[in-house]
Amino acid sequence: SDEREMLGWAEFGEAARELARQVVRSGWMPDLVIAVARGGLVPAGAVAYALGTKAMGTLNVEFYTGVAETLPEPVVLPPLMDTSELPGRKVLVVDDVADSGKTLALVMDLIRSKGLPADVDADGVAQETLAVDARSAVVYAKPRSIIDADYVWRRTDRWIMFPWSSQPPVTEEV
Ligand code: 5GP
């Protein structure tokens, strides 16, 4: 569809509260909220406040278009958060939208891999590690997504205009 899904600031506020309500109703409360930057920063902050969760982290993921421009894959960019505190924790990963779902799938794999016994210490010794109990929340999910988020506010196949990115960066003039 050529139509666009417009999300306003006030409606986004309702979306964040509703996502938090879904989490609370599920009986699972996160110890830590991780934002997928940049798109998930605003949603993650709003959901964390709505849940009363103070601990937060950020993973910066972008679609890197390399030489093979027809095969864009999401990559994790610096700065990297300290993931050593993740094993044994309940982690809620928040993003704006799961479109192809590749970004969210990458982040969930990365976070869950921090709880695998395959992790080795500085001397290359396999460490006994606790699992990372990770779940995901998105404001929007698209039908083609390769990953099913645990908490979804709304589903659409349209291009979404988010309130934080629907206008160009400010300049000195405007
Ligand atoms: P993915 O295809 O990996 O699920 O989406 C990666 C990122 O692309 C999303 O986190 C989001 O920032 C951006 N994106 C995907 N679909 C949309 C959309 O409909 N509207 C906007 N504004 N960004 C999108």
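Quick summary incoming for the structure in this document. (Residues numbered from 1 in each chain as written. Predicted model: local features only at pLDDT ≥ 70, side-chain atom pairs only at ≥ 80, totals over all residues. Heavy atoms only, no water.)

### Here's the deal with the site of the ligand
Here's step 1: Around the ligand, 15 residues are found, and the nearest of them are Asp96, Asp99, Ser100, Thr103 and Lys142.
Here's step 2: A distance of 2.7 Å separates a nitrogen atom of the ligand from a polar atom in the side chain of Asp99.
Here's step 3: In this structure, an oxygen atom belonging to the ligand sits 2.6 Å away from a side-chain N or O atom of Thr103.
Here's step 4: For the ligand, whose unbound accessible area comes to 510 Å², protein coverage reaches 82%.
Here's step 5: Put simply, the ligand lies in the largest pocket. (Near = heavy atom within 4 Å. Polar contact = N/O pair within 3.5 Å; in protein donor to acceptor, adjacent residues only side chain to side chain. Areas by Shrake-Rupley, 256 points an atom, 1.4 Å probe, with all protein chains shown as cover. 1 Å grid on protein atoms, 1.4 Å probe; cavity = no way out; pocket = protein on both sides within 12 Å on 5 of 7 lines; lining within 4 Å. Sits in = over half its atoms within 2 Å of the grid points.)

### A look at helix H1 (residues 9–25)
Here's step 1: If you check H1, its first and last C-alpha atoms are 24 Å apart, about what 17 residues at 1.5 Å a residue would give, namely 24 Å.
Here's step 2: Every buried residue belonging to H1 is among Phe12, Ala15, Ala16, Leu19, Ala20, Gln22 and Val23, and all of these are buried. Projected down its long axis, H1 carries its buried residues within an arc of 155 degrees, all on one side. Opposite the buried face of H1, by more than 90 degrees, sit the exposed residues Ala10, Glu14 and Arg25.
Here's step 3: Considering only its buried residues, H1 is in contact with helix H2 (41–51), strand E5 (90–98), strand E6 (133–141) and strand E7 (151–155). (Helix = DSSP H or I, 4+ residues; strand = E, 2+ residues; numbered from the N terminus. Expected span 1.5 Å × (residues − 1). Buried < 20%, exposed > 50% of the residue type's maximum accessible area, 1.4 Å probe, protein only. Arc of directions from axis to C-beta. Contact = heavy atoms within 4.5 Å.)

### A few points about the layout of surface pockets
Here's step 1: If you add up the space inside the largest pocket, you get close to 830 Å³.
Here's step 2: Contributions of two or more residues to the lining of the largest pocket are made by strand E2 (32–37), strand E3 (56–64), E5, helix H3 (102–113) and strand E8 (159–161).
Here's step 3: At four residues, E5 tops the list of elements feeding residues into the lining of the largest pocket.
Here's step 4: Here the residues of the lining of the largest pocket are counted per class, giving 13 nonpolar, six polar and eight charged. (Points joined across faces, edges and corners; volume = space filled by probe spheres on them. Nonpolar A, V, L, I, M, F, W, Y, C, P; charged D, E, K, R; others polar.)

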